[in-house]
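# A structural walkthrough
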Amino acid sequence: MFEIIKSDENGVALLAAVVIIFLLVTLVAVFLVLVNTKTTDYYNQLEYEKAISIAESGIADALWYLNNVSDTYTPPPGNSVFFDSGYYEITITHDIGDSKQIICYAYIPDTDNYRIKKGIKIYGDLLNNNASPIYDYALFSDTTITVDWSAARVFIYNGSLHSNHKVIFSNGDTKAVALRVSSVDTVSVINWTGLPYDSVAAYVNYVDTPIMDDTALQYYEDSAVIKYYGDSTITGVLTQDGIYFIGGNVNINCTIAAQCVIVSTSTITVTGNIRYQKPSRDSLGLVSFNDVIYNTDTDVFIDAAIYADSSFIINVQDTVTIFGNLAVKDVILLQPGAVLKIYYDRKLFSFSRNPAAYPEPDVFKITWVEIF
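Our subject in this report is the structure included herewith. (Residues numbered from 1 in each chain as written. Predicted model: local features only at pLDDT ≥ 70, side-chain atom pairs only at ≥ 80, totals over all residues. Heavy atoms only, no water.)

## Digging into the overall build of the protein chain
Applicable threshold: Put simply, DSSP H or I for four residues or longer makes a helix, DSSP E for two residues or longer makes a strand, and each gets a number counted from the N terminus. Only protein chains enter the accessibility calculation, which uses a 1.4 Å probe. A residue is then buried if its area is under 20% of the maximum for its type, exposed if over 50%, and partly exposed in between. Methods summary: accessible areas were calculated by the Shrake-Rupley approach with a probe of 1.4 Å, and residue burial reflects only the protein chains presented.
Secondary structure summary: the protein chain contains 2 helices and 27 strands in total. A burial count over the protein chain gives 43% of its 372 residues as buried. Put simply, the protein chain shows about 19,100 Å² of open surface, and 54% of that area lies on carbon and sulfur atoms.

Following this line, the structure appears as structure tokens:
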């Protein structure tokens, strides 16, 4: 009689099941740890980026204030600015000369119980203004300026007149220039009752004028926030800060609600008033690589610093009033009977706000250093 003996495989199967379950649990645990680590890393990185962004916002706030308002900084109340996810604090100390050290700390969520705190320190070195000194004058020309009141009248208020050649006054009966007249050559007064100016300086040093070459053209084009190639008409309200580069002629009659420069590679023709919406804030530079012309038969007001690399021309017997300044490379041509009035606007040419500066106006060149 034969007896079949069955092997006991239940124990082996149980052991295999336990091993498999152990491996699965281990894999799940490892996966959960990895997920948790990655999630933690993600949120840590997210909060780090938030803190850096908040700190950079504080730095940008301080730099904007220093470059656009004053060379000193008034921090916000409590020295803090709050965001949804945290806030920043700014401190500024003065180093040697115009150099400044700006430190901004960002806290998420707050100083008493922050999960992350980041600091950014920068050193700001004030660069020299490389803009031409022509903007120091209410009226400037690289050639002879002739003020002949028997033909057309010129008045300058709160500003000076300068020529890189000669200045000639003739046939007048009252003051024409409220401040100083200067010339690289002579200043002549012919048949004028009294003096046409407060003070005079002849044979002064030559004043450098902008070099409006391909390099300047490329600078304006590269720096422009708005570019248009072809003849253009500008009307309405301009609200975009920065440089408007027009590769062609420009006709302009508009309101300025920004700090901007309009550059034309050809001729700028003023067809009507150009006024600031908010004079304490707004500024305009008109830069022409050729002429700036006014030929509309009515009085006009222009809020702008104007530079023409050729001539400024008034073709009508009306009054043109400029709040800013006028600088030309060549001549100023006025129709007989025309009147030109210039009110020198010092706001435009104060700390880092020269609107038509070339190459760049005063800025704080910064070096970023992440503290921790």
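## Side note on helix α2 (residues 214-223)
Residue pairs spaced three or four apart in an α-helix point in one direction, given the helix's 3.6 residues per turn. Just so we agree on the cut-off: By the criterion applied in these results, polar contacts are pairs of N or O atoms within 3.5 Å in which, for protein atoms, one can donate a hydrogen and the other can accept it, and in which residues neighboring in sequence qualify only through two side-chain atoms.
Three or more residues of α2 are buried, namely Ala 216, Tyr 219, Tyr 220 and Glu 221. With a side-chain oxygen positioned 3.0 Å from the backbone nitrogen of Ala 216, the residue opening α2 is Asp 213.

## Section: the sheet that holds strand β6 (residues 145-148)
Short version of the rule: Strands are treated as partners if at least two bridges between them are detected by DSSP. Every axis corresponds to a line fitted to the C-alpha atoms, with the helix fit spanning only the stretch in contact, and the corresponding angles, defined between N-to-C directions, vary from 0 to 180 degrees.
Across the sheet, which stays open at both edges, the 3 strands sit in the order β6-β9-β11 with parallel pairing between neighbours. This sheet does not close on itself; its edge strands, each paired only once, are β6 and β11 (187-192). Going across the sheet, the axis of each strand differs from the next one's by a mean of 5°, ignoring polarity. With 4 bridges connecting them, β6 and strand β9 (residues 167-172) associate as parallel partners. Across the sheet, the residue bridging to Val 147 is Phe 169, located in β9.

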